[in-house]
Amino acid sequence: MRTHRRGLRRTLRALLVLAIVLVVALGGYVGYVTVRQQEEVALPAPTGRYPVGRTTVDWTDDARTDPLAPRPGMPRELSAWLWYPAAPAPGAAPARYTPGAWAGLHLHGPLGLGETRFDHVRVHAVADAPAAAGRFPVVVLEPGLGLAAPQYTTLAENLASHGYLVAGITPTYSAHLTVLDGRPVDATPAGGLQESDAAAMRLSADRLVSVWAADDRFAASRVAALDTTGRFAGHVDAAATVYLGHSFGGAAALQACHDDPRCAGAADLDGTQFGTVVQSGLQKPMMLLGSQGSCITGTCRPGTADEQSARDAARTLLAASTGPVWSFQLDGARHFNFSDYGAYYLAAPIRLLVGLGPIDGDEALSITDAYLAAFVDHVARGTPEPLLAGSSPYPQVEVQRTAS
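Caption draft 1: How the structure looks around the overall build of the chain. What the chain contains, in helices and strands, is 8 helices and 14 strands. In summary, the chain has a C-alpha radius of gyration of 23 Å against a globular reference of 22 Å for 404 residues, a match within 12%. Principal-axis analysis of the C-alpha atoms places the extent of the chain at approximately 90 × 50 × 50 Å. With 404 residues in all, the chain has 53% of them scored as buried. As presented, the chain carries roughly 17200 Å² of accessible surface, and 58% of it is formed by carbon and sulfur atoms.

Here it is as C-alpha cells:
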C-alpha cells in the first residue's frame, strides 16, 4: 500500500510538471504569435517601371437580374478595385491595404490573433493618384471562391507596374465579404456551390461560373468606357482584354475569354475548369499555372473523385482548344499561395487550415508575378517572352507544356 502511494505521488508530480511545462510553452507560443501578428509586412514589390495607383468604384449592371441576391429582381452590383500605371506626387504615401469596411476581410475571433494585422500590411499603390502618360491594355482579375479582389493586391500591383489597367472584381454574394457603397455585404447560399455529389457540384459550378464570367465581361466593358472621361480619359486601350483569376476565378476567366471576342488570352491560377468552355475549348491563348500535384493541367494522379473530375475537365478542355497553351506547376505551392495569404504572417495552425505549401510565400508570389507578366505582355502586346519558351529559370517550376 505504501509503495502504491509513493508511486501515485510520483505520477501526480510528473503530471504537474508536465502541465506546468505545457502552460509555459503555450504561453510562450501565444506571446510569439502576438509579436508576429503586430509586425509590419510589406507585400512583394512590383517589378515594372511604373509607379502604381489604386482607386475603387461600384458598378451596377442594370441589364442583369442578380440570381445570387437574397431578394428577387435585384440588379447585379459589383465592387471593382482598379490598379493602374500612375504619376503620383513625390513622397505620396501608399494606400491602406483594406480601407474602411474592407478590414472585415481579416480573420475574425481567436483566429484573427494569428494573422498579421491588416493595418500593418504595406502595399505600394497610391490611392487615387493621377494616371501615367500613355494608353494601357485592360486586365480583369477575379479571386477564388469566398475571397475578394484586395486579397490579390500583389498580383494586381505588379501587372499595373508593367503598364496595365487591372480591374479586380469581387463577386457579390459569392465572396465572404464585399463592400458596396461603403456597407459590407455577405455571401448568400445561392452564391456558393452545391456539393451533394460530384455531378451536382459540377452542374452548380457551371451555373455559377456563367455569372462570374458575365461579371468579368461587364467589368471589361465598364473599364473600356472609362477612356472617355475622368481620371482614365485617353489612357485605356481596350482593343484587347486579358482575363485572369485564381481558383474559381480562373475558371471564370477562361469562360469569359471564350465568350468575349475582344479577349486576347486568359490565365487560370490553380482553378478547376467549369462551364461551356470545357467542352468547346478555347481558341485564344491560355496559361494554366497549378500548385504542386494540382489536376488543373490534366497531368495529376487523382486520389479522390474531385481530383479525377478536375483532371478529366482539364483534359477535355485541352483536347478541344485550338489556341496556344502554356502550362506550369509550381512545386512547394498549395492552393492559397497564389493569393496575398502567402505574404503575411499566419500562425502554424492557421497556415495548415488555409492551405499554404512549404515554398517561401513571397517567392511563390514573385514567380507567379513573373509568369503572369510574361503571359500578358505576350498576348496583349505581342512581346516575345523567353520565360514562356522552354525550360524555366526557377527550379520550383515544372514546365508541362509550351506553345510552339
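Caption draft 2: Representation of the pairing of strand β10 (residues 236-246) in the model. Two elements, strand β6 (residues 136-142) and β10, share 7 bridges in a ladder whose sense is parallel. Looking at β10, one finds that L141 is bridged to L244. As paired strands, β10 and strand β11 (residues 263-269) are joined by 6 bridges and run parallel to one another. Looking across to β11, one finds that L244 is bridged to A267.

Caption draft 3: Main features of the layout of surface pockets. Looking at the largest pocket, its volume works out to about 860 Å³. Per-element tally for the lining of the largest pocket: the top contributor is helix α6 (residues 305-320), with 4 residues. Of the voids in this model, the second largest pocket is the one considered here, and its volume is about 400 Å³. Surrounding the second largest pocket, 18 residues form its lining, L107, G146, L147, H176 and Y341 being those nearest its centre. A class-by-class count of the residues in the lining of the second largest pocket yields 11 nonpolar, 6 polar and 1 charged.

Caption draft 4: α6, seen in detail. Across its 16 residues, α6 extends 23 Å between first and last C-alpha, which sits within 8% of the 22 Å expected from 1.5 Å per residue. Within α6, burial applies to S309, A310, R311, A313, A314, L317 and L318. Tucked inside the fold, the buried residues of α6 contact α3 (198-225), α4 (248-259), α5 (277-280), β12 (286-291), β13 (325-330) and β14 (397-401).

Caption draft 5: Examining the side chain of S321 more closely. Turning to its location among the elements, S321 is positioned in the loop between α6 and β13. In terms of polar contacts, S321 uses its side chain to reach the backbone carbonyl oxygen of L317, at 2.7 Å. Ignoring any residue separated from it by four or fewer positions in sequence, one finds S321 in contact with G281, L282 and M286.

Criteria and cut-off values
Residues numbered from 1 in each chain as written. Predicted model: local features only at pLDDT ≥ 70, side-chain atom pairs only at ≥ 80, totals over all residues. Heavy atoms only, no water. Helix = DSSP H or I, 4+ residues; strand = E, 2+ residues; numbered from the N terminus. Rg over C-alpha atoms; globule rule 2.2 N^0.38 Å. Buried < 20%, exposed > 50% of the residue type's maximum accessible area, 1.4 Å probe, protein only. Areas by Shrake-Rupley, 256 points an atom, 1.4 Å probe, with all protein chains shown as cover. Pairing = 2+ DSSP bridges. 1 Å grid on protein atoms, 1.4 Å probe; cavity = no way out; pocket = protein on both sides within 12 Å on 5 of 7 lines; lining within 4 Å. Points joined across faces, edges and corners; volume = space filled by probe spheres on them. Nonpolar A, V, L, I, M, F, W, Y, C, P; charged D, E, K, R; others polar. Expected span 1.5 Å × (residues − 1). Contact = heavy atoms within 4.5 Å. Polar contact = N/O pair within 3.5 Å; in protein donor to acceptor, adjacent residues only side chain to side chain.

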